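Read off the chains here:
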Amino acid sequence: MKYAYLILAVVGLVLSGCGGGTAEEDTMALDEGAASVDENNKTLTIALGTDIVTFDIHDHNNTSTEAVHDNMFNYLFKRDENNVIQPELVDTFTQIDDVTVEMTLKEGVTFHNGDTLTAEDVKFTLERVATDETLQEYPNYRQIKEVDTIDERTFQIITHEPEPSLLHRLSRLGSGILPKRYIEEEGWDHFLAHPIGTGPYEFKEWVRDSRIVLTPYDDYFEGPVEEWDEVVFRIIPENSTRVSELLTGGVDIAVNIPPADWDRVNGNAGTAMKSETSNRTMMLILRATDGYPTADVRVRKALNLAIDNGAITDSALRGAGTPTKTRVAPGNFGAEESLYDTYDYDPEEAKRLLEEAGYGDGFEMTLHSPRGRYLQDAEIAELIGGMLQAINVSVNVELMEWSNFVEMRQAGANKDAYLIGLGNSMFDGAYSVDWYRSDRFVGQTDYKNKEIDALLEASAVNMDQTERAEQLKEIQRIADEELPHIMLHQETVNYGVNDRIDFVPKMDEMIYAPEIKRK
Amino acid sequence: MGPFLLKRLAQIIPVLFIISFVIFALVYIAGNPVALMLPDDASQEEIDQLTASLGLDRPFIVQYGNYLLHLMQGDFGDSFRYNTSALPLVLERLPATLELAVAALTLAVCIAIPLGIWSATKQNSPLDLIAAGGAVLGKAMPNFWLGIMLILLFSVTLGWLPVSGRGTFAHLLLPAITLATGIAAEMTRLLRSNMIEILSQDYIRTARSKGIRETLVVYKHALRNSLIPLVTITALQTSTVVGGTLITETVFSWPGIGQLLIQAVNTRDMAIVQACVFVIAFLVIAMNLLADVLYRFLDPRIKYD
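Residues numbered from 1 in each chain as written. Chains lettered and ligands numbered in written order. Predicted model: local features only at pLDDT ≥ 70, side-chain atom pairs only at ≥ 80, totals over all residues. Heavy atoms only, no water.

Draft legend 1. Region of interest: unusual backbone geometry. Residue and element names in this part refer to chain A. Look at Asp 341: it is not a glycine, yet its phi comes out positive at around 60°. For Asp 341, a relative accessible area of 53% translates into the label exposed. At Phe 427, a residue that is not glycine, the phi angle is positive and equals roughly 55°. Note that Phe 427 resides in the loop between β16 (417–422) and α14 (429–433). On the basis of relative accessibility, which here comes to 3%, the residue Phe 427 falls in the buried class. (Buried < 20%, exposed > 50% of the residue type's maximum accessible area, 1.4 Å probe, protein only. Helix = DSSP H or I, 4+ residues; strand = E, 2+ residues; numbered from the N terminus.)

Below, the structure is given as structure tokens:
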């Protein structure tokens with residue numbers, strides 16, 4: 001009898017082990033579609049660093065989430081490979097007056113449940129995001145006053161004021177068209193668990209922080225995608241694990257490969273690095289508040305001249321970056337291209353300007369930088385610290401964890417300068433140059449320029465696109481003289497890719513499966 | 001036994017209460033998640049609106065009271081990131097974590113028991129020294145590093161096992177080994193020293209002098225008494241296991257509570273953080289209770305008053 005307890009204890013332990021075994025068997029069936037190294041494998045597997053946020057296309061502000069949604073939903077318009085906006089769901093459209101555009105939908109577009117796309121769906125979608133203040137994308141669509149349906153396929157979008165960026169808004173994150181009838185009948189919770197769109201792929205499953213699986217939609221209006229039987233997005237947050245999955249053929253594409261691993265990916269048989277310029281610019285935001293040395297334009301110019309942008313892209317980024325003097329890169333509306341792929345570097349002139357501004361003996365400043373948020377962010381901040389030391393400016397580099405960094409900015413606790421990378425999902429320069437608007441960052445940067453303010457106000461409602469582009473370019477030229485922000489470089493997005501597929505990375509960081517082919 | 005169990009169960013309530021307070025206070029101190037939830041260009045108006053709608057503008061005591069009230073109904077609040085109730089999200093992940101933890105503990109026990117006995121009975125032999133050295137090494141290796149090294153060796157170089165993910169037995173192997181190594185090392189050392197001590201005691205000498213076979217002495221008389229501390233250590237190791245799963249799950253993209261918790265901390269998804277920590281704390285408490293009960297089975301002399 002005494003041994004019975006001992007046996008019980010041991011059996012208990014062993015049984016608990018068996019319990020683990022059955023759990024494995026339960027889930028085995030789930031994973032049968034996982035990628036293998038098989039050449040004829042028609043499963044496309046993509047490793048993401050973070051999970052998607054939601055299937056509520058209006059309630060997130062996250063590019064990598066959009067990269068998945070892009071395969072399931074269609075926009076009214078879409079940027080082509082040259083970043084020119086083309087109709088996608090829309091067949092024809094005409095501008096009726098400054099605040100009204102009339103559009104007709106393409107024929108034969110259906111949602112994944114078989115329902116035909118109608119003007120009512122467009123009205124439902126756009127009016128939701130334009131009126132519900134709790135949605136994250138509300139600020140980008142509140143310009144829309146209403147959508148009037150004319151017939152089954154024809155509708156008018158009416159804006160509160162003239163809205164020159166309307167098509168930019170309709171071709172990006174937050175403007176995928178939702179199925180009105182399905183959502184009204186089944187409810188939002190059901191939609192979020194079983195989302196449907198009009199896109200080339202339909203939803204199969206989402207296991208949070210593990211994977212999202214999509215399958216081709218047979219009745220896609222442009223014809224079904226036959227290249228892939230299944231598209232699997234796997235969530236692998238740890239960089240080294242993501243790289244290892246790529247090296248072993250576990251995934252076909254791995255996003256955000258850190259520079260330290262580029263040689264490994266290129267040196268490995270069957271994989272290679274692919275990079276593309278992103279729409280994200282790295283920059284230093286300076287304080288123009290009275291009392292800060294950076295309030296003096298000569299000091300700002302001196303700092304800019306002391307920073308060797310080319311050295312940063314060459315050493316910290318190993319060539320994967322383009323120096324720039326504007327954050328409106330080519331591909332965006334209103335880009336001043338003469339300011340792109342160039343930089344000013346002249347430490348002697350910088351010293352002279354400091355002398356002139358009364359800082360001949362230099363001064364001390366603080367540079368805040370996030371660590372681990374952008375490609376090599378901490379290294380870049382340290383490099384800049386070293387470069388400024390050469391003109392006697394001694395820099396306290398404060399490296400911060402991202403959430404603390406965000407809080408610091410929001411509280412207006414930023415000092416002389418902070419390092420940040422900013423993108424532009426609109427691909428419209430207006431949203432980038434708006435950062436120079438004087439009433440926007442009171443208490444944060446305190447930069448003021450009447451000329452820029454006037455140009456911003458005029459361009460915001462200017463329906464003459466040629467003239468508007470010129471206004472945006474003028475703002476960039478003034479900013480390059482005034483330097484409220486010091487531009488550094490345009491980042492690249494870096495993917496590790498299996499040689500069995502043809503994948504061309506895109507500037508907007510979308511991973512659009514129909515364009516990815518087997519070799 | 002009955003009153004003892006009741007008493008222990010009753011003790012859990014104040015403990016959970018204290019835990020709820022500590023978790024809430026820490027999250028409160030950690031700061032406002034609103035900044036992270038809004039886009040870069042959010043206006044002050046938008047910030048205030050969201051802060052108010054989340055109830056974050058109210059005094060600490062009111063917020064905590066509210067939290068506690070909901071907690072008693074099993075409601076940990078909504079995840080900011082996923083916009084759904086937090087507890088189901090955490091419980092959904094529990095099987096994956098338990099699978100990994102149980103596999104690791106089983107593996108650790110399977111390694112530690114034979115190795116510990118062997119080390120103790122062949123004390124100071126070269127084999128004992130190797131085992132003891134191995135145990136120190138196993139204890140010293142950080143999970144994170146070990147996991148990456150195992151991936152490099154078994155997945156990248158040899159191509160035998162999958163790198164990450166969950167599904168087949170092959171997927172389980174590397175994370176379980178990663179997690180088991182440190183625990184097995186700890187258990188081996190403990191079992192060895194206990195066994196050595198017990199083997200030198202009078203009743204063992206008596207048994208030997210009666211001419212009982214050595215294997216019987218070791219397995220019948222000594223092992224049983226050496227196992228009692230092993231039960232304690234197994235229970236205590238639960239917290240180590242759970243801590244280890246945080247790291248191991250991240251390295252191997254294992255979709256369990258650990259990975260959920262790390263992602264939630266990164267995005268300041270506080271409802272999830274709170275629910276995760278609470279569930280983990282509950283697991284540790286439950287394991288300790290189980291250990292106490294198991295003691296009683298192993299050694300009826302232990303009294304609970």
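The rest of the description comes next.
Draft legend 2. Up close: helix α8 (residues 169–199) of chain B. Between its first and last C-alpha atoms α8(B) spans 39 Å; for 31 residues at 1.5 Å apiece the expected length is 45 Å, and the helix comes up short by more than 12%. At B:Ala180, α8(B) shows its maximal kink, close to 35°. (Expected span 1.5 Å × (residues − 1). Bend = angle between axes of the 7 residues up to and from the residue.)

Draft legend 3. Spotlight on the pairing of strand β1 (residues 43–48) of chain A. Residues and elements named next belong to chain A. Along β1, 6 of the 6 residues are buried, which leaves the element largely enclosed by surrounding structure. Burial of the side chains of β1 extends over both faces: Thr 43, Thr 45 and Ala 47 are buried on one face and Leu 44, Ile 46 and Leu 48 on the other. Sheet topology note: the β1/strand β11 (residues 253–254) ladder contains 2 bridges and is parallel. In the sheet register, Ala 47 faces β11, and the bridge partner there is Ala 254. (Pairing = 2+ DSSP bridges.)

Draft legend 4. Local environment of the nonpolar core. If you look at the biggest cluster of nonpolar residues, it comprises 94 residues, and the most contacted ones within it are A:Leu76, A:Met103, A:Phe155, A:Ile157, A:Ile212, A:Val231 and A:Ile511. In terms of residue count, the dominant contributor to this core is helix α12 (residues 270–298) of chain B (12 residues). Grouped together as the second largest cluster of nonpolar side chains are 60 residues, A:Leu303, A:Leu353, A:Ala357 and A:Leu488 included. (Core = buried A, V, L, I, M, F, W, Y, C linked by side-chain atoms within 4.5 Å.)

Draft legend 5. Fine view of the packing of aromatic side chains. Counted under the stated rule, the structure contains 21 aromatic pairs over all chains. Where A:Trp402 meets A:Phe405, the ring centres are 5.5 Å apart and the plane angle is 20°; that geometry is what we call stacked. Of this pair, A:Trp402 and A:Phe405 are both found in helix α13 (residues 402–410), 3 residues apart, which corresponds to roughly one turn of the helix. Judged on exposure class, the residue A:Trp402 and its partner A:Phe405 are both buried. Measuring from ring centre to ring centre gives 6.4 Å for B:Tyr64 and B:Tyr67, while their planes differ by 40°; the resulting arrangement is tilted. Linking B:Tyr64 with B:Tyr67, this pair stays in helix α4 (residues 60–72), spanning 3 residues, or about one helical turn. The same class applies to B:Tyr64 as to B:Tyr67, namely buried. Grouping aromatic residues by their ring pairs yields a cluster made of B:Phe21, B:Phe24, B:Phe60, B:Tyr64 and B:Tyr67. The ring of A:Tyr512 carries the charged tip of A:Lys78 above its face, separated from the ring centre by 3.9 Å. When the ring centre of A:Trp206 is taken as origin, the NZ or CZ atom of A:Arg208, which lies over that ring, is 4.7 Å away. (Phe/Tyr/Trp six-rings, centres within 6.5 Å; stacked < 30°, edge-to-face > 60°. Lys NZ or Arg CZ within 6 Å of the ring centre and 35° of its normal.)

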